[in-house]
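The lines below spell out each chain.
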Amino acid sequence: MGKGFVDLYELLEVSSKAGEKELTRAYRAKALKYHPDKNRDNPEVAQIFHDIKTAYDTLADAKKRAEHDEQRRALIAKRQRQSTLTGNRKKMKSELEADERRAHEAYEAQRTMHAQSTHDAEAARFREEAQREEWRRDRSMREHTQRQQRKQMEADDEREREERRRQASAALEDVDELDRSIRIRWDPADDDVSQGMLATAFAPFGEIEEVVMAPVSGHGRRRAAQAKQQSALIVFKSIAAAHALMNVQHETPRIRRFGRYWAGGREPEAVQRITGIAAAKKEPVASQSAPSGGNAGSDADASSAQRQKVRRPDVSELGLDNVPGIELDFAEFEALTLMRMRQHHQKQRTAPT
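It should be emphasised that the depicted structure is a prediction, and the values quoted were computed from it without experimental measurement.

S.K.: Can you walk me through the pairing of strand β3 (residues 230-236) in this structure?
M.R.: The two faces of the sheet receive side chains in turn, since in a regular strand these alternate between them. The element β3 is largely enclosed, with a buried count of six among its seven residues. Pairing between strand β1 (residues 181-186) and β3: six bridges, direction antiparallel. Of the residues in β3, the one forming a bridge with R185 is S231. Summarising the sheet, strand β2 (residues 208-213) and β3 pair through five bridges and their orientation is antiparallel. Bridge assignment links V212 to a residue of β3, and that residue is L233.

Written as structure tokens, this is what we have:
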């Protein structure tokens, strides 16, 4: 009934006006029903039996029963007051719920109208977005087509340029051996010059086919002493490499020590033809690149010696017996000698052992 209060009449299942006999009869029936000896498999029966015994003892005592009845009446009155308040609360709650329901219905109606308006606006926005997206796709397709066309045009142009480069490269490589050879000269005091050193020094200009150094023994020493310089022949695989060496813009100290001359005594017509420069006149060997710095005096003497007419020495071992003419320009003779030395070395390498 109340918190912590047990209605003993309800426990014994009798009315609040029951007499002693009715209480005794109800107690005996309950005690017989919930006696522990008859309900040994139910552990809660002992507590129920104890509660029944306590209820009977309380109600059998007039003083205790009066106290119990007073508490019971107070709790019943309290419950009635609460029931009345609960009815009022229920009424108020019902009215509040009705007001909330009406407000909710109005809100739902307004929200539905707003949702419809939003839906219409969204639909219009989606249509506009779809139109813009379609326009963007069309523009993207046009730009893609234009890019593909430009790429195709660029590829065609690149193929044409590559073909022109290939033809130019073939024209540069398909030249006479003499046109892609450079004759170099240096001071005999530079005793660190060797065939390997020359190959390493001039390799940055292009692939080198062979390096041929003039002999310095016997009459070769006398000839070098006469020219006051030593010489060698650099044979490149491409005339472009030879042209790069002859027209280097920034000389390193390693390159500056060497005088550089076309092996044929002048710039080949192939270079003039490829570069589009007309050969207005043939420049003598003395006009070609010469070493600077400490070799300037030696080069002046070498240029003077190049213009001297000298009798060709005996070079029968180098295969020069059939060279026409009794006297040659010194530079032309030197280049020709180096070329024949190279050919002789090639024959020796290819000859069967």
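Still more to cover.
S.K.: I tried to follow the sheet that holds β2 on my own but got confused; where do I start?
M.R.: Hydrogen bonds between backbone groups are what pair the strands of a sheet, and the pairing can be parallel or antiparallel. Taken together, four strands build an open sheet; the order of strands is β2-β3-β1-β4 and the sheet is antiparallel. In this open sheet, the two edge strands, each paired with only one partner strand, are β2 and β4 (259-262). Put simply, the sheet's adjacent strands are angled 25 degrees from each other on average, direction ignored. Set on the sheet, helix α5 (residues 195-202) makes contact with β1, β2 and β3; between it and β2 the angle comes to about 140 degrees. Sheet contacts for helix α7 (residues 239-246): β1, β3 and β4; angle to β4, the most-contacted strand, approximately 135 degrees.

S.K.: Even after reading the chapter, I still don't get the pairing of β1, so can you show me in this structure?
M.R.: Of all the six residues making up β1, six are buried; the element is thus mostly covered by neighbouring parts of the structure. With burial as the criterion, each face of β1 is covered, one bearing S181, R183 and R185 and the other bearing I182, I184 and W186.

S.K.: So what exactly am I meant to see when it comes to helix α2 (residues 20-33) here?
M.R.: Residues spaced three or four apart along an α-helix face the same direction, because each turn holds 3.6 residues. An ideal rise of 1.5 Å per residue puts 20 Å on 14 residues; α2 measures up with 20 Å between its terminal C-alpha atoms. If you check which residues of α2 are buried, you get L23, T24, A26, Y27, K30 and A31. One side of α2 holds all its buried residues, which, seen down the axis, span an arc of 170 degrees. The outward face of α2, more than 90 degrees from its buried face, is lined by the exposed residues K21, R25, R28, L32 and K33.

S.K.: Teacher, can you tell me more about the pattern of salt bridges here?
M.R.: Between side chains of opposite charge, pairing is possible as soon as their charged atoms come close. Evaluation of the coordinates by the stated rule reveals 18 salt bridges. Salt-bridge contacts for R111 lead to E108; the nearest nitrogen and oxygen are separated by 2.9 Å. Placement of both R111 and E108 in helix α4 (residues 62-173) is noted, with a separation of three residues, approximately one turn of the helix. Across the pair R139 and E143 runs a salt bridge whose closest N-O atoms are separated by 3.9 Å. With a gap of four residues between them, R139 and E143 both fall in helix α4, about one helical turn apart.

S.K.: Can you walk me through the side chain of T58 in this structure?
M.R.: You can see T58 is positioned in helix α3 (residues 45-60). Ignoring any residue separated from it by four or fewer positions in sequence, one finds T58 in contact with L8, K64 and R65.

S.K.: Help me understand the nonpolar core, please; the structure alone is not making it clear to me.
M.R.: One recurring pattern in soluble globular proteins: nonpolar side chains tend to sit buried together. One finds I182, I184, L198, F202, I234, F236 and F258 to be the most contacted residues of the largest nonpolar core, which totals 25 residues. Listed by contribution, the elements that provide at least two residues to this core are β1, α5, β2, β3, α7 and α9 (269-275). The leading source of residues in this core is α7, at five residues. Residue contacts for L198: discarding those within four places in its chain leaves I184, W186, V193, V211, M213, A232, I234 and F258. In this structure, A26, Y27, A31 and L59 belong to the second largest nonpolar core, which totals 13 residues.

S.K.: What exactly am I supposed to notice about the packing of aromatic side chains here?
M.R.: Remark: the centre distance and the inter-plane angle together describe each pair of aromatic rings, the angle taken between the planes. For the coordinates displayed, the defined rule picks out three aromatic pairs. On the basis of an interplanar angle of 15 degrees and a centroid distance of 4.4 Å, the ring pair of Y27 and Y56 is categorised as stacked. Remark: Y56 occurs in helix α3 and Y27 occurs in helix α2; sequence separation between them is 29 residues. For the pair Y27 and Y56, one class covers both residues: buried. Here W186 and F258 contribute two aromatic rings whose centre-to-centre distance is 5.9 Å and whose plane-to-plane angle is 75 degrees, an arrangement assigned as edge-to-face. On the criterion of sequence distance, the pair formed by W186 in strand β1 and F258 in the loop between α8 (253-256) and β4 is long-range, its members being 72 residues apart. We note that W186, like F258, is buried.

S.K.: So what exactly am I meant to see when it comes to the packing of α2 against α3 here?
M.R.: Helix-helix packing: each pair is described by the crossing angle between the helix axes and the interaxial distance. Where α2 meets α3, the closest approach of the two axes is 10 Å, and the angle between their N-to-C directions is 170 degrees. When the interaxial angle is binned, α2 and α3 end up roughly antiparallel. Contact residues: L23, T24, Y27, K30 and A31 in α2; F49, I52, K53, Y56 and L59 in α3. Partitioned by chemical class, the residues of the contact of α2 with α3 number seven nonpolar, one polar and two charged.

Reading the values: the criteria
Residues numbered from 1 in each chain as written. Predicted model: local features only at pLDDT ≥ 70, side-chain atom pairs only at ≥ 80, totals over all residues. Heavy atoms only, no water. Buried < 20%, exposed > 50% of the residue type's maximum accessible area, 1.4 Å probe, protein only. Helix = DSSP H or I, 4+ residues; strand = E, 2+ residues; numbered from the N terminus. Pairing = 2+ DSSP bridges. Axes fitted to C-alpha atoms, helices over the stretch in contact; angles between N-to-C directions. Contact = heavy atoms within 4.5 Å. Expected span 1.5 Å × (residues − 1). Arc of directions from axis to C-beta. Salt bridge = Lys/Arg side-chain N within 4 Å of Asp/Glu carboxyl O. Core = buried A, V, L, I, M, F, W, Y, C linked by side-chain atoms within 4.5 Å. Phe/Tyr/Trp six-rings, centres within 6.5 Å; stacked < 30°, edge-to-face > 60°. Parallel < 35°, antiparallel > 145°, perpendicular 65-115°, else oblique. Nonpolar A, V, L, I, M, F, W, Y, C, P; charged D, E, K, R; others polar.

The quantities given are spatial measurements derived from coordinates; they are silent on function.
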